[in-house]
Amino acid sequence: MKFFVYRYNPDVDTAPHMQEYDVEVTRGMMLRDALMEIKRQDESFAFRHSCGEGVCGSDAVNANGKNLLGCTTPVTDLKEPVNVRPLPGRPVIRDLVVDMSQFYQQYRAVKPYLIHKDPLPEQEILQSPEDRDKLDGLYECIMCGCCSTSCPSFWWNPDKFHGPQALLQAWRFLADSRDQATEERLDALEGPYKLFRCHTIMNCVESCPKSLNPTKAIGKIKELMLKHSI
Amino acid sequence: MSRQASGLRAWALQRISAAYLGLYLIYILGHLSFNAPDSYESWRVYVADPGVTIGMLLFVSALLIHAWVGIRDVLIDYVHPIMARVALLSLFAIGLIGCGLWFARVIFLASVAA
Amino acid sequence: MTLARRRFDALIIGAGGAGLNAALQLANANLRVAVVSKVFPTRSHTVAAQGGVNAALANVFEDNWHWHMFDTVKGSDYLGDQDAIEFMCREAIPTVYELEHNGVPFSRLDNGRIYQRAFGGQSQNFGGAQAARTCAAADRTGHAILHTLYQQNIRARTHFFDEYFGVDLIRDEEGAILGALTLEIETGEPLLIEAKTTLLATGGCGQVFRTTSNAHINTGDGMAMALRAGVPLMDMEFFQFHPTGISGRGMLITEGVRGEGGYLINKDGERFMERYAPNAKDLASRDVVARAIVTEVKEGRGCGPNADHVLLKVDHLGEDIIAKRLPGIRESSKIFAGVDPAVEPIPVFPTAHYVMGGIPTDRLGHVVIPSSDGSEEVVPGLYAAGECACVSVHGANRLGGNSLLDILVFGRAAGQQIITHLKDNPDYRPMSDEIIDKAVARLSRWEQEGEGISVRELRDEFRKVMEDHAGVFRTDEIMSEGVEKVKAVREKLKDVRLGDQSKVFNTARIEALELENLVDIGMSIVLSALERKESRGAHSRPDYTERDDVNWLKHSVYFQEGDRLDYKPVQTKPLTVDTFPPKPRVY
């Protein structure tokens, strides 16, 4: 199977180029396996990967124009020749490795941690199964970055717009019956940028390898904000 | 700009104006297909009706607000140099206000002539 | 070369559950703490833990920590230290509550309490009925815990060095640890981090085997750093093979599947665990189930065209339970095995999963050098916690749900101990240039150019050797050959050359350093295994089929210098309760 892989090593290259590789497809081969095979052929090729089962979120890349996880994408699902590029809109460090620091900054900016102000009970804070169900589809995010780096609004304003990943996490805490910082969280999201750059383009939903729905979460935040303002 | 400009208000105004625009368009298209005024005079009488006047003025305001928020969004997304953005925003603001004034004048004249 | 330097009160190498829980204690105490991780923290392998964390909360059935302690001692095949096990089982309860308070989205029971599921090797009343002790967030408990701990560290403003690789510990003439040399992966530049205390929390080393549930990053870096600093590794022959990895691929299918009611069948459709463990059946201890599966396949009752696996049947649980309690497993099975467990059984075979051994520590997290008379010498300034450490609470076999518990309890304990230590020891120890040179040399070795063996080639060869010679069943012949082969690999390592000498994000250089670590650890595994002439827990020898408590109720201690083995008695005396004396281990 033919692969064209984006190559750029700032130590030796002046400009990026696409390099061709031939990989023999084995049964059950995932895109990550193919990239590892390419690394076997060419030691100088760099990409991030770790768990190989879609939970660590290291190996998000853009293949044939789509953001996806290498380890959960069978190569047989990809049209030949496969064009593999780094996640769009992020500065390239080397080959498929991009600088995700703005993405992480936006995550930190939504205070992604439980804030419980009442005195803590000696045992667990009780939560009904129904309230717990509200966190399904939110807490599973693996921070791979497929969504935010496919979001045009994040491309244009990565320094000011939180992006779908961070907003999904903002809603994860707003939706948690144990969290007691709803007002502060909503206030912090005011303004035209952090939340309201979302134009429901829904690339995030399409690209999420865990089938999560950040657009829906963003809609819920807006709804709650409106409720609190009237 | 981000501190003063609103997020929720702009978004809510856009949604509310859209709802009004949608409803009004259904009404006006319905009215025109069954009851279209056939002369300048019948048009003038129709517009001079106080209910219709208010409805149309609201329609124009909603349209302008909707357009303003939309244009603002596009400019915030794509035009990052602050001077260029302010210049473009001013240009569109003047244009939209101009349209509004012209429309108000048309409706006002129609009512006065009656 | 002038070396960039930073100074912190505490340095933590590794950002999994143990490292992050320790960091959280330290940051909450307003100490300057640096967490060095070769990947962004939420990519650490804790994220892959599925089933849950054990604590006797008694939310489902009656339970108490003493029963949990009994199960753990029995599960360890009596090789676990009973003082440490008592400590862990007592601390489990406040630890899980603390996690919940920090925000972990545990699944819930109707009364609002944390959901607990049945897991292998758990009993009520010292070997009675099945217990339900494993606190779970669906089948993504590790993910939920790791993300929560990272989030709390964001709140506490812990200082992170993301994508920095730990090269070597800095050790002075008196044997004290003064920090570590690290390598910034993005720039390829070294950074010396000086610290009053250093905690190793680098996790496991499953990458020594070819088929493993472990991530690409699980290369035992901390263990190898300890070895090179003169610290031994303990009980390295005990490597857990998880019974249910996806056949041929190694991805894990949690024991929680069997806890929820799934069971194993062979090609005749027989529920074969009834023969091997009449009481606990599919929820027997992991070593027992793994051996049973390998035996079934060896005796020709395997499934599939190559008769090389057995099947895990789940569909009888019904769509609802599968969707609610095992959503992640369903997803993995569909992707990697091409089956929907709600319709078809999952093909499984044991996969290398967890190392019970590691850097010897006491229950407060101090790294200690044990000697055969039972005394221990503390290594000043060095701590270890998590899978890379050996306290030892898992002994010869770890129970499911006890690994998340281990990293959390001992990560926390180490953090607390470091806080105490820093109160009495506020100063940095002097650091001379000579002691840094040795660590720097480890980096410059890879600057040698020219023709040689490639890292990949030797890595593949080594992992195959380990799989063939240190697997589930081990005979003297197989392992003696293994020792020779690993020695040969170690020799060849000198001839390995890096073709790519570039600096920026050179993953080939990282993999070369990891290979050195793997080979160092591989040697400790094969040598310790060859010498232990008995079958105990995960260490199963067809030539010595019985457990031998007279000669072998002791920990193996491997020193790298001279490939020397020593032994240390097991601590059979708990802190407050009576000893659980060794008994035949039946399930």
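Residues numbered from 1 in each chain as written. Chains lettered and ligands numbered in written order. Predicted model: local features only at pLDDT ≥ 70, side-chain atom pairs only at ≥ 80, totals over all residues. Heavy atoms only, no water.

## A short note on the overall build of chain B
Across its full length, chain B carries 4 helices and 0 strands. The N-to-C order of helical and strand elements in chain B reads α-α-α-α. Taking 13 Å as the expected radius of gyration for a compact globule of 114 residues, we find that chain B reaches 17 Å, considerably beyond that expectation. C-alpha extents for chain B along the principal axes are approximately 50 × 25 × 20 Å. (Helix = DSSP H or I, 4+ residues; strand = E, 2+ residues; numbered from the N terminus. Rg over C-alpha atoms; globule rule 2.2 N^0.38 Å.)

## Concerning the nonpolar core
Ranked by size, the top nonpolar core spans 115 residues in total, and within it Ile221 of chain A together with Val53 of chain C carry the most contacts. Among the elements that line this core, the one with the most residues is helix α11 (residues 402-424) of chain C, at 11 residues. Built from parts of two domains, this core gets at least three residues from each of domain 1 (2-98) and domain 2 (101-229) of chain A. Dropping the residues within four chain positions of it, Val53 of chain C is found in contact with Val96, Phe106, Arg133, Thr134, Cys135, Thr141, Ile145, Gly401, Leu404, Leu405 and Leu408 of chain C. Grouped together as the second largest cluster of nonpolar side chains are 95 residues, Leu178, Leu227, Val231 and Val355 of chain C included. (Core = buried A, V, L, I, M, F, W, Y, C linked by side-chain atoms within 4.5 Å. Buried < 20%, exposed > 50% of the residue type's maximum accessible area, 1.4 Å probe, protein only. Domains from an automatic or database assignment. Contact = heavy atoms within 4.5 Å.)

## Topic: the domain arrangement of chain A
Bring the parts together and some accessible area is lost; that lost area is often taken as the interface size. All names here are of chain A. The domain architecture assigned to chain A consists of domain 1 (2-98) and domain 2 (101-229). A straight line from the C-alpha centre of domain 1 to that of domain 2 covers 29 Å. Across the contact, 13 residues belong to domain 1 and 15 residues belong to domain 2. For the pairing of domain 1 and domain 2, the buried interface totals around 970 Å² over both sides, and the portion due to carbon and sulfur atoms is 57%. Contact with domain 2 buries area across many residues of domain 1, yet Asn67, Leu69 and Arg90 alone supply 47% of it, more than any other trio. At the boundary of domain 1 with domain 2, the tally comes to 0 salt bridges. Run the count over domain 1 and domain 2 and you get 4 residue pairs in polar contact (both at pLDDT 80 or more). Broken down by element, the residue count for the side of domain 1 that touches domain 2 peaks at 4 residues, all from strand β4 (residues 66-69). In terms of residue class, the side of domain 1 that touches domain 2 is built from 7 nonpolar, 4 polar and 2 charged. (Buried area = accessible area lost by both parts, 1.4 Å probe. Salt bridge = Lys/Arg side-chain N within 4 Å of Asp/Glu carboxyl O. Polar contact = N/O pair within 3.5 Å; in protein donor to acceptor, adjacent residues only side chain to side chain. Nonpolar A, V, L, I, M, F, W, Y, C, P; charged D, E, K, R; others polar.)

## What to know about the packing of aromatic side chains
As enumerated under the stated definition, the model contains 24 aromatic pairs over all chains in all. Plain terms: the ring middles of Phe8 of chain C and Phe161 of chain C are 5.7 Å apart, the flat faces sit at 90 degrees to each other, and that makes the pair edge-to-face. You can see Phe8 of chain C sitting in strand β1 (residues 4-13) and its partner Phe161 of chain C sitting in strand β6 (residues 159-162), a full 153 residues away along the chain. For the pair Phe8 of chain C and Phe161 of chain C, a shared accessibility class is recorded, and that class is buried. Relative to Tyr150 of chain C, the ring of Phe40 of chain C has its centre 5.3 Å away and its plane inclined at 75 degrees; by these criteria the two rings are edge-to-face. Of this pair, Phe40 of chain C sits in the loop between β2 (33-37) and β3 (53-54) while Tyr150 of chain C is found in helix α4 (residues 141-155), placing the two residues 110 residues apart along the sequence. Its relative accessible area of 4% is what places Phe40 of chain C among the buried residues. Its relative accessible area of 2% is what places Tyr150 of chain C among the buried residues. Chaining the aromatic ring pairs together yields one cluster made of Phe103 and Tyr104 of chain A together with Phe40, Tyr150 and Phe160 of chain C. In this structure, Lys160 of chain A is placed above the aromatic ring of Tyr193 of chain A, and the distance from its NZ or CZ to the ring centre is 4.8 Å. (Phe/Tyr/Trp six-rings, centres within 6.5 Å; stacked < 30°, edge-to-face > 60°. Lys NZ or Arg CZ within 6 Å of the ring centre and 35° of its normal.)

## Describing a nonpolar patch on the surface
Taken together, the side chains of Trp155 and Trp156 of chain A together with Val74 and Tyr78 of chain B define a hydrophobic patch exposed on the protein surface, amounting to about 410 Å² of accessible area. When residues of the nonpolar patch are traced back to their parent elements, those giving at least two are α4 (152-156) of chain A together with α3 (50-78) of chain B. Inspection of the secondary structure assignment puts Val74 of chain B in helix α3. (Patch = residues over 30% accessible without salt bridge, like charges linked within 9 Å, V, L, I, M, F, W, Y side chains within 5 Å. Areas by Shrake-Rupley, 256 points an atom, 1.4 Å probe, with all protein chains shown as cover.)

## A few points about the pattern of salt bridges
Residue and element names in this part refer to chain C. A full pass over the atoms with the stated rule returns 76 salt bridges over all chains. The shortest N-O distance in the salt bridge between Glu91 and Arg412 comes to 3.7 Å. Taken as a pair, Glu91 in helix α3 (residues 82-102) and Arg412 in helix α11 lie far apart in primary sequence, 321 residues in all. For the salt bridge of Glu319 with Arg330, the shortest nitrogen-to-oxygen distance reads 3.0 Å.

## Some thoughts on the UniProt feature "transmembrane region" (unreviewed entry) in chain B
Residues and elements named next belong to chain B. Taken from the UniProt record, the annotation "transmembrane region" (unreviewed entry) applies to residues 12-32, 52-71 and 83-104. Structurally, residues 12-32 is divided into 100% helix and 0% strand, and its ends, taken at the C-alpha atoms, are 30 Å apart. The span residues 83-104 shows a helical share of 100% and a strand share of 0%, and its end C-alpha atoms are spaced 31 Å apart. (UniProt positions renumbered as here; feature names shortened; annotations may be inferred.)

## A few points about the interface of chain A and chain C
On the side of chain C, 62 residues touch chain A, which itself brings 63 residues to the contact. Buried surface at the junction of chain A and chain C, summed over both partners, amounts to about 5,000 Å²; 51% is from carbon and sulfur atoms. Contact with chain C buries surface across chain A, with Glu43, Glu53 and Glu124 of chain A losing the most and accounting together for 14% of the total. Counting across the interface, chain A meets chain C through 9 salt bridges. Put simply, Asp460 of chain C and Arg40 of chain A hold a salt bridge, and the shortest N to O gap is 2.3 Å. Elements supplying a minimum of two residues to the side of chain A that touches chain C: α1 (31-41), β6 (92-94), α2 (101-109), α3 (129-133) and α5 (163-174) of chain A.

## Side note on the packing of helix α2 (residues 65-75) of chain C against α3 of chain C
All names here are of chain C. As a packed pair, α2 and α3 sit with axes 9 Å apart at the nearest point and diverge in direction by 135 degrees. Regarding the angle of α2 to α3, the classification is oblique. Seen from above, α2 lies across α3 with right-handed handedness. Listed contacts from α3 to Trp65, His68, Met69, Thr72 and Val73 of α2 are Gln82, Ile85, Glu86, Met88, Cys89, Arg90, Ala92 and Ile93. (Axes fitted to C-alpha atoms, helices over the stretch in contact; angles between N-to-C directions. Parallel < 35°, antiparallel > 145°, perpendicular 65-115°, else oblique. Left-handed = near helix turned anticlockwise from the far one by under 90°.)

## Concerning the pairing of strand β19 (residues 554-559) of chain C
Residue and element names in this part refer to chain C. For β19, the tally of buried residues reaches 5 of 6 residues, placing the bulk of the element in the interior. Of the pairings in the sheet, the one linking strand β10 (residues 233-234) to β19 comprises 2 bridges and is antiparallel in character. Bridge pairing in β19 places Met234 opposite Val557. Pairing of β19 with strand β20 (residues 564-569) involves 6 bridges; the strand directions are antiparallel. Across the sheet, His555 pairs through a bridge with Lys568, a residue of β20. Between β19 and β20, which follow one another and run antiparallel, lie 4 residues, and Gly562 among them has a positive phi close to 75 degrees. (Pairing = 2+ DSSP bridges.)

## A few points about the sheet that holds β19 of chain C
Residue and element names in this part refer to chain C. With respect to topology, 3 strands assemble into an open sheet ordered β10-β19-β20, the strand pairing being antiparallel. Each of the sheet's edge strands pairs with one partner strand only, and the pair in question is β10 and β20. Against the sheet, helix α15 (residues 507-531) engages β10, β19 and β20, with an angle of about 140 degrees to β19.

## So, the UniProt feature "binding site: a ubiquinone" (unreviewed entry) in chain B
Residues and elements named next belong to chain B. As recorded in UniProt, the sites labelled "binding site: a ubiquinone" (unreviewed entry) are Tyr78. By the element assignment, Tyr78 lies in helix α3. According to the relative accessible area criterion, Tyr78 is exposed, its value standing at 53%.

## Brief notes about the sheet that holds strand β5 (residues 134-135) of chain C
Residue and element names in this part refer to chain C. Strand order in the open sheet formed by 3 strands is β3-β5-β4, and the pairing between neighbours is antiparallel. At either margin of the open sheet sits one strand with a lone partner, and together these are β3 and β4 (116-117). Here β3 pairs with β5 via 2 bridges, running antiparallel. When the sheet's bridge partners are listed, Val53 is paired in β5 with Cys135.

## A word on the packing of α3 of chain C against α11 of chain C
Residues and elements named next belong to chain C. Where α3 meets α11, the closest approach of the two axes is 9 Å, and the angle between their N-to-C directions is 90 degrees. Put simply, α3 runs roughly perpendicular to α11. Contacts between α3 and α11 pair Ala84, Phe87, Met88, Glu91, Ala92, Thr95, Glu98 and Leu99 from the former with Asn402, Leu405, Asp406, Leu408, Val409, Phe410, Arg412 and Ala413 from the latter. The class makeup of the residues in the contact of α3 with α11 is 10 nonpolar, 2 polar and 4 charged.

## Details of unusual backbone geometry
Following Glu80 of chain A, the chain continues to Pro81 of chain A via a peptide bond in cis, the omega torsion being -10 degrees. Inspection of the secondary structure assignment puts Pro81 of chain A in the loop between β4 and β5 (82-85). In this model, Val391 of chain C is joined to Ser392 of chain C through a cis peptide bond whose omega is 5 degrees. Relative to the elements of secondary structure, Ser392 of chain C occurs in the loop between β18 (389-390) and α11. We note that Asp235 of chain C has phi near 55 degrees; this positive angle belongs to a residue other than glycine. Tracing the sequence through the fold places Asp235 of chain C in the loop between β10 and β11 (239-246). When its relative accessible area of 0% is taken as the criterion, Asp235 of chain C is described as buried.

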